[in-house]
Amino acid sequence: MARPVIGNIVFELTEACNQCCRFCYNYWRDGSSPLPPPDPGLARKTLRRLLSQASVGTLSFSGGEPMLLRNIHDLALAARFKGCHVNVLTNGTMLTEDALANFVSLGIGAIQIPILSADASVHEYLTQLPGSWAKATDALRRVASVMPNGAFAVLVITAVNAPGVPQTLEFIRGLGVRKVMVNRFNIGGMGLKHTAELVLNAATLKQAFADVEAFACKYPDMRFVSGVCTPLCMLDVNPYPHIQFSWCSTDFSRRPVAVSYKGDVRFCNHSPHVIGNIWERPIDEILTDPATVARYAEVPARCTDCPLLSRCNGGCRAASEQVYGSFAEADPILNGC
Ligand code: SF4
Ligand code: SF4
Ligand code: SF4
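My aim in this report is to walk through the structure given alongside it, one point at a time.

About the thresholds
- Residues numbered from 1 in each chain as written.
- Chains lettered and ligands numbered in written order.
- Predicted model: local features only at pLDDT ≥ 70, side-chain atom pairs only at ≥ 80, totals over all residues.
- Near = placed C-beta within 6 Å.
- Nonpolar A, V, L, I, M, F, W, Y, C, P; charged D, E, K, R; others polar.
- Buried ≥ 20, exposed ≤ 12 C-beta atoms within 10 Å, placed from the backbone.
- Helix = DSSP H or I, 4+ residues; strand = E, 2+ residues; numbered from the N terminus.
- Arc of directions from axis to C-beta.
- Core = buried A, V, L, I, M, F, W, Y, C linked by C-beta atoms within 7 Å.
- Axes fitted to C-alpha atoms, helices over the stretch in contact; angles between N-to-C directions.
- Left-handed = near helix turned anticlockwise from the far one by under 90°.
- Contact = placed C-beta atoms within 7 Å.
- Pairing = 2+ DSSP bridges.
- Right-handed = clockwise from strand over helix to strand, strands pointing away.
- Parallel < 35°, antiparallel > 145°, perpendicular 65-115°, else oblique.

1. Brief notes about the site of ligand 1
In the vicinity of ligand 1, the residues found are Cys-17, Gln-19, Cys-20, Cys-21, Cys-24, Asn-26, Arg-29, Gly-63, Gly-64, Glu-65 and Asn-91. Taken together, the residues of the shell around ligand 1 break down into 4 nonpolar, 5 polar and 2 charged.

2. Quick notes on the site of ligand 3
Contacts to ligand 3 come from Val-228, Cys-229, Cys-248, Arg-255, Cys-268, His-270, Cys-316, Arg-317 and Ala-318. Partitioned by chemical class, the residues of the shell around ligand 3 number 6 nonpolar, 1 polar and 2 charged.

3. Let's talk about helix α6 (residues 165-174)
Buried within α6 are the following residues: Val-165, Thr-168, Leu-169 and Ile-172. Around the axis of α6, the buried residues are gathered within 100° of arc, so they sit on the same side.

4. Looking at the nonpolar core
Within the largest apolar cluster, 91 residues are counted, with the highest numbers of intra-cluster contacts made by Leu-140, Ala-153, Leu-155 and Val-180. Looking at this core, the element that brings in the most residues is strand β5 (residues 151-157), giving 7 residues.

5. Let's talk about unusual backbone geometry
In this structure, the amide linkage connecting Gly-63 to the following residue, Gly-64, adopts the cis form with an omega of 15°. Topologically, Gly-64 is positioned in the loop between β2 (55-62) and α2 (72-81). Not every positive phi belongs to a glycine, and Gln-128 is a case in point at roughly 60°. Turning to its location among the elements, Gln-128 is positioned in the loop between α4 (120-127) and α5 (132-146). For Asn-313, which is not a glycine, the phi torsion comes out positive at approximately 60°. Checked against the element boundaries, Asn-313 lands in the loop between α11 (309-312) and α12 (317-324).

6. A few points about the packing of α6 against helix α8 (residues 202-218)
Here α6 crosses α8 at 40°, and the two axes come no closer than 9 Å. Seen from above, α6 lies across α8 with right-handed handedness. Along the contact surface, α6 presents Val-165, Pro-166 and Leu-169, while α8 presents Ala-208, Asp-211, Val-212 and Phe-215. Among the residues forming the contact of α6 with α8, the class breakdown is 6 nonpolar, no polar and 1 charged.

7. Looking at the pairing of strand β3 (residues 85-89)
β3 sits mainly inside the fold: 4 of its 5 residues count as buried. Of the pairings in the sheet, the one linking β2 to β3 comprises 4 bridges and is parallel in character. Across the sheet, residue Thr-58 finds its bridge partner in β3, namely His-85. Handedness of the crossover joining β2 and β3 through α2: right-handed. Read from β3 through helix α3 (residues 97-105) to strand β4 (residues 110-114), the crossover connection turns out right-handed.

8. Structural notes on the packing of α4 against α5
Orientation of α4 relative to α5, taken along the N-to-C sense of each, is 105°, at an axis distance of 8 Å. Between α4 and α5, the crossing angle belongs to the class labelled roughly perpendicular. Residues Ala-120, His-123, Glu-124 and Thr-127 of α4 form the contact with α5, whose own contacting residues are Ser-132, Trp-133 and Ala-134. Looking at the contact of α4 with α5 residue by residue, the classes come out as 3 nonpolar, 3 polar and 1 charged.

9. Re the pairing of β2
Bridge count for strand β1 (residues 5-12) against β2 is 7 bridges, and the pairing is parallel. Paired with Asn-8 across the strands is Thr-58, a residue of β2.

Structure below.
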């Protein structure tokens, strides 16, 4: 029987990470308990099981920090062998020359590395890892030189680094990078502890995107995407036509589904709620379970009559799950958190 097709999966190779970013959305990253060390054997077995259950279009290796997995290239090879496009979402601090050369030879599609500021002290204030700025910027410069179409800078915009967005974008361009993800701070994980300091009010958010838009107009050879939905009643995206905003969908065929190295399946990588485990049931059964479909079909009360609902979908409701424990609430940024 043909395997079901799943377009986009974020495969989390480990919970562990060498950074402790103030904005880290990983729901397990609340600082309450030590993170388990990477388990390369389990990651390999779970990936094999996942790829036996579904035909996956794009598989993004994430974490935690995926470069902590000593067998990440073997995992990438296994996925490529099954026909997947493979991306790597890394903080860049451990991307050696050899590791990058191996990714190139494996045909990795994209490598995404956060660059949070042109100023090392701001970047490292946010990552809480001394030395991380030089390593991340060096890694991204090398990625851009060998994979010009697959090098992505990720600029997570918080209240801390928002004033420096124009300088950060100039710096990123100077690295040779032409593709930038501009994601607003989205509350969750470690970010729950730092919300008051990091969260963007509407005016700061609009100014930050206006800065990105102005930069995009100046440099038409660059591409800007924004992947974290912001409620349209908070941010009208019409003034920013050079930024490609993507919208969340409760239809799993139109958003990335998260699968952990343990086999846990979640709505997306921001969601803390496990809807099943692929060691217990095939992933298509998990995703199409009527109870799961009903859970994600709920509409927030404030959005019921909104004409923008079909596009906006209430903003990021995985953040609502992290803050309120419910998918049925609209994005918590509407309440300033
Ligand atoms: S945001 Fe990424 S790099 Fe930062 S602590 Fe979380 S997993 Fe690590
Ligand atoms: S759907 Fe909800 S969050 Fe989105 S614009 Fe409408 S009221 Fe605001
Ligand atoms: S719920 Fe939030 S994090 Fe998850 S896919 Fe939608 S916008 Fe992205």
